[in-house]
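Residue-level structure breakdown
The chain contents come next:
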Amino acid sequence: MNNKENILTLSFEENVIIGGGTMGLFLANKLIENKQKVIVIEAGNDNIAYFDSFSFSSVGQKHEGIAIGRAKALGGTSNLWGGQLTKFIENDLEELNRYNQPLWPIQWKELDYYCNRVLFEFNIKDTGEYKRKISSSNELEKYYTYWMYQPNFKVLYLNKLQKSPLFKLFSGAVVTDLEFTNDTCYSLTFIQKGKQYRINNFKNVILANGTFEQIRLLLKTKLNPNCPYKNNNLIGKYFQDHIYLTVGRIKNAEKKLITEFSNIIRDGNKLQPKIRYTPEKGDIIYIGLTAFFSFTSNLSDNIDLFKQFLKAIIGKDEKKLTLWNKIQMIPKVAKSFYVVFPIIYHYIINNRLYVPFSSNVSLNIQSQQISSIQSSIDIDMKALDNHGMPKIILDWKIDGREMDRIIFFCDIIKMYIEENNFGQVEFEPWINDYKVSKSNEWKKYIKDTYHQAGGAIMSTKPTEGVVDKNLRVHQTNNLFIVGPSVLPTSSYANTGLTSLALTLRLADHLTNTNSK
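First, a word on scope: everything that follows refers to the structure included in this document. Starting afresh in each chain, residues are numbered from 1 along the sequence in its written order. With the structure being a predicted model, the display of local features is reserved for residues of pLDDT at least 70 and the display and counting of side-chain atom pairs for 80 or more, all residues being used for whole-chain, interface and lining totals. Hydrogens and water molecules were not included; the side-chain quantities draw on all heavy atoms of the structure.

Counting its secondary structure elements, the protein chain contains eleven helices and 21 strands. Relative to its 516 residues, the protein chain shows a buried fraction of 55%. The contacts in the protein chain between residues at least 6 apart in sequence include a share of 74% that link residues at least 24 apart. Approximately 23,200 Å² of the protein chain is accessible, and the part contributed by carbon and sulfur atoms is 50%. For the purposes of this entry, the term helix denotes a DSSP run of H or I that reaches at least four residues, the term strand denotes a run of E that reaches at least two, and both are numbered from the N terminus. Three exposure classes are used, based on accessible area relative to the maximum for each residue type with a 1.4 Å probe and protein chains only: buried under 20%, partly exposed in between, and exposed over 50%. Whether two residues touch is decided by their heavy atoms; if any such pair falls within 4.5 Å, the residues are in contact. To measure how exposed things are, a 1.4 Å probe is used in the Shrake-Rupley method; for residues, cover is taken only from the protein chains shown.

Structural data, given as structure tokens:
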């Protein structure tokens, strides 16, 4: 690395956003709409790159997302996700001491307001009119998740941002240090193409570089003697991800089940029907739970064949098939047309995505992880990368009490399915074993969902979290954090919509705007 430092002195008007991914580009766009100057520093470039395996280690519950659920690139993980947006519900933010979990410092009504603004931003109509209670006890609710038409935030925002004179981008640049005078972050250092740069005299710094990278930078800079949050021992604590389990299958699944729970199209957006647990307010053992059905058949094979044939006909095939190869494909393509035609028919006539009635049907559960201080992210300062950044050590710990609620949820879903003659639920053997022995064997079947949350949770007091209700790091006056790392608890729902809502709320705060 070139040891000569390049110094960039700003005008105290710039907002420096570390991370040009989902939250970073969304925030940059909102700030520039309000005539704010923005500098984005992104570790990746145009092409998607994963983090080097020697830069992290997972020592607790197996966690795949730390390796494959995040990326360095402009657009960040929006290059990888499907753009599924789901609201939290009011139960999730109730001020109840459930399982000694941390409390939210904001009210659900305010969060819901910002969620609605985000949906409006993406031209998505709230599907609240479609949700309905589906069990006699009113504990089950059918609802829909929203899928963005264009989920890639680089495509959505980057070109627009680069046309603005208020925007500047440093890509392929890794931020390695933050420096403070009292409670003010006045300088940061980054490395780009082997050269070291220092930026001074900015207005605000916003960490938008993803849960793991945010915590790595906070823990490293916490070691600096002048760091105002050097005594905050909650940085990296309360790490969460959703617990994903395939708990069984539906035998003899009826056509009406597949029709009821196949994806639909409304106003040009794909909506996915799911079931969630919605008890009365005040349930002290509540955790967020949702269920959905997955359908498997030979449909995808037929679609791939049909697409390959069409590409060959119009000359877009990568394999450059000969005329004879194309002729040989015709009988196979003709056989696949019986699958492709219903897809077209259902989409145009019924506004529904086609699922063959012969599909195998699995029942899947996504559960909130009980937010525990024992589940954490740490760093190893003895293992440094070529930028001098320490290795991330993830210790994902599952409390275990989630399983009792998952079992309860499974049983009332089974009752719903069989009372409505949708089919018969056949649970996995380990589900039945747990009912008898209460063993921890079920944890072997957990998959994470790449929804890395916590580590820099919101709180009212500095002794209870890392950022305040406005996402400002406690004991600082101009350092902020956006993304799922700030969530005290993570409900049943994908964290994207809630994180975007809080980011939009921060944009209002930084621009002294109150659209409400």
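Further notes follow.
A carboxyl oxygen of Asp or Glu within 4 Å of a side-chain nitrogen of Lys or Arg is what we treat as a salt bridge. This structure, assessed with the given rule, holds 28 salt bridges. Ionic pairing is found between Asp-411 and Lys-435, a salt bridge with its closest N-O pair at 3.0 Å. Here Asp-411, found in helix α9 (residues 402–419), pairs with Lys-435, found in helix α10 (residues 429–437); they are 24 residues apart in sequence, far enough to count as distant. Assessed through its relative accessible area of 29%, Asp-411 is described here as partly exposed. When its relative accessible area of 37% is taken as the criterion, Lys-435 is described as partly exposed. The closest approach of N and O atoms between Lys-414 and Glu-418, which form a salt bridge, is 2.9 Å. Of this pair, Lys-414 and Glu-418 both sit in helix α9, four residues apart, which is roughly one turn of the helix. Overall, the relative accessible area of 31% leaves Glu-418 in the partly exposed class.

Moving on, we come to the environment of Ile-431. Looking at the element boundaries, Ile-431 is found in helix α10. Put simply, Ile-431 and Ile-406 are 25 residues apart on the chain and 9.7 Å apart in space, counted from C-alpha to C-alpha. Apart from residues no more than four positions distant in its own chain, Ile-431 is found in contact with Val-247, Met-403 and Ile-407.

Once that is clear, we can look at the environment of Phe-54. Here Phe-54 is to be found in the loop between β3 (37–42) and β4 (56–58). It is 8.7 Å that separates the C-alpha atoms of Phe-54 and Ala-383, two residues lying 329 residues apart in sequence.

Turning our eyes to something else, we now look at the sheet that holds strand β12 (residues 204–207). DSSP bridges decide pairing: two strands pair if at least two such bridges lie between them. Overall, parallel pairing links the five strands, which are arranged β8-β3-β2-β12-β21 in an open sheet. The open sheet is flanked by β8 (167–171) and β21 (479–481), the only strands paired with a single partner. Going across the sheet, the axis of each strand differs from the next one's by a mean of 20°, ignoring polarity. Across five bridges, the pairing between β3 and β8 is parallel. Bridge pairing in β8 links Val-40 to Leu-169. Only the contacting stretch of a helix is used when fitting its axis, a line to C-alpha atoms as for every element, and angles between N-to-C directions run 0 to 180 degrees.

Once that is clear, we can look at the pairing of strand β18 (residues 376–384). In this sheet, strand β19 (residues 390–395) lies alongside β18 in antiparallel orientation, the contact comprising six bridges. The residue of β19 that forms the bridge with Asp-380 is Lys-391. Between the antiparallel neighbours β18 and β19 lie five residues, among them Gly-388 with a positive phi of about 80°.

Attention shifts here to empty space enclosed by the protein. Put simply, the grid is 1 Å and covers the protein atoms alone, a cavity is a trapped set of points that fit a 1.4 Å probe, a pocket is an open set with protein on both sides within 12 Å along at least five of seven lines, and lining residues have an atom within 4 Å of a point. Grid points are joined across faces, edges and corners, and a volume is the space filled by probe spheres set on the points. Applying the stated criterion across every chain yields a total of two cavities of 30 Å³ or more. In this model, the largest cavity occupies a volume close to 120 Å³. What lines the largest cavity is a set of 13 residues, among which Asp-92, Glu-94, Arg-98, Gln-101 and Thr-489 lie closest to the centre. Of the residues in the lining of the largest cavity, the class split is six nonpolar, four polar and three charged. Residues were grouped as follows: Ala, Val, Leu, Ile, Met, Phe, Trp, Tyr, Cys and Pro as nonpolar; Asp, Glu, Lys and Arg as charged; and all remaining residues, including Gly, as polar.

This next bit is on the layout of surface pockets. Computed from the structure, the second largest pocket encloses a volume of approximately 420 Å³. Counting only elements with at least two residues in the lining of the second largest pocket, the list comes to α3 (108–121) and β7 (140–147). Ranked by the residues each element gives to the lining of the second largest pocket, the list is headed by β7, at four residues. Here the residues of the lining of the second largest pocket sort into eight nonpolar, six polar and ten charged.

To continue, consider the nonpolar core. By nonpolar core we mean a set of buried residues, namely Ala, Val, Leu, Ile, Met, Phe, Trp, Tyr and Cys, connected to one another through side-chain atoms within 4.5 Å. Within the largest apolar cluster, 139 residues are counted, with the highest numbers of intra-cluster contacts made by Ile-41, Phe-122, Leu-178, Leu-188 and Phe-409. Among the elements that take part in this core, α9 stands out by supplying nine residues, more than any other. Those residues within four positions of Ile-41 in sequence are excluded, and the remaining contacts are Val-16, Ile-17, Ile-18, Gly-19, Gly-20, Phe-170, Ala-173, Val-175, Leu-188, Phe-190 and Ile-199.

This part covers the sheet that holds β19. In space, the three strands of this open sheet follow the order β4-β19-β18, with mixed pairing throughout. A strand with exactly one partner marks an edge of an open sheet, and here the two such strands are β4 and β18. Going across the sheet, the axis of each strand differs from the next one's by a mean of 25°, ignoring polarity. Where β4 meets β19, three bridges bridge the pair, whose relative direction is parallel. By the bridge assignment, Ser-57 is partnered in β19 with Ile-393. This element, helix α5 (residues 211–221), spans β18 and β19 of the sheet and lies at about 60° to β18.

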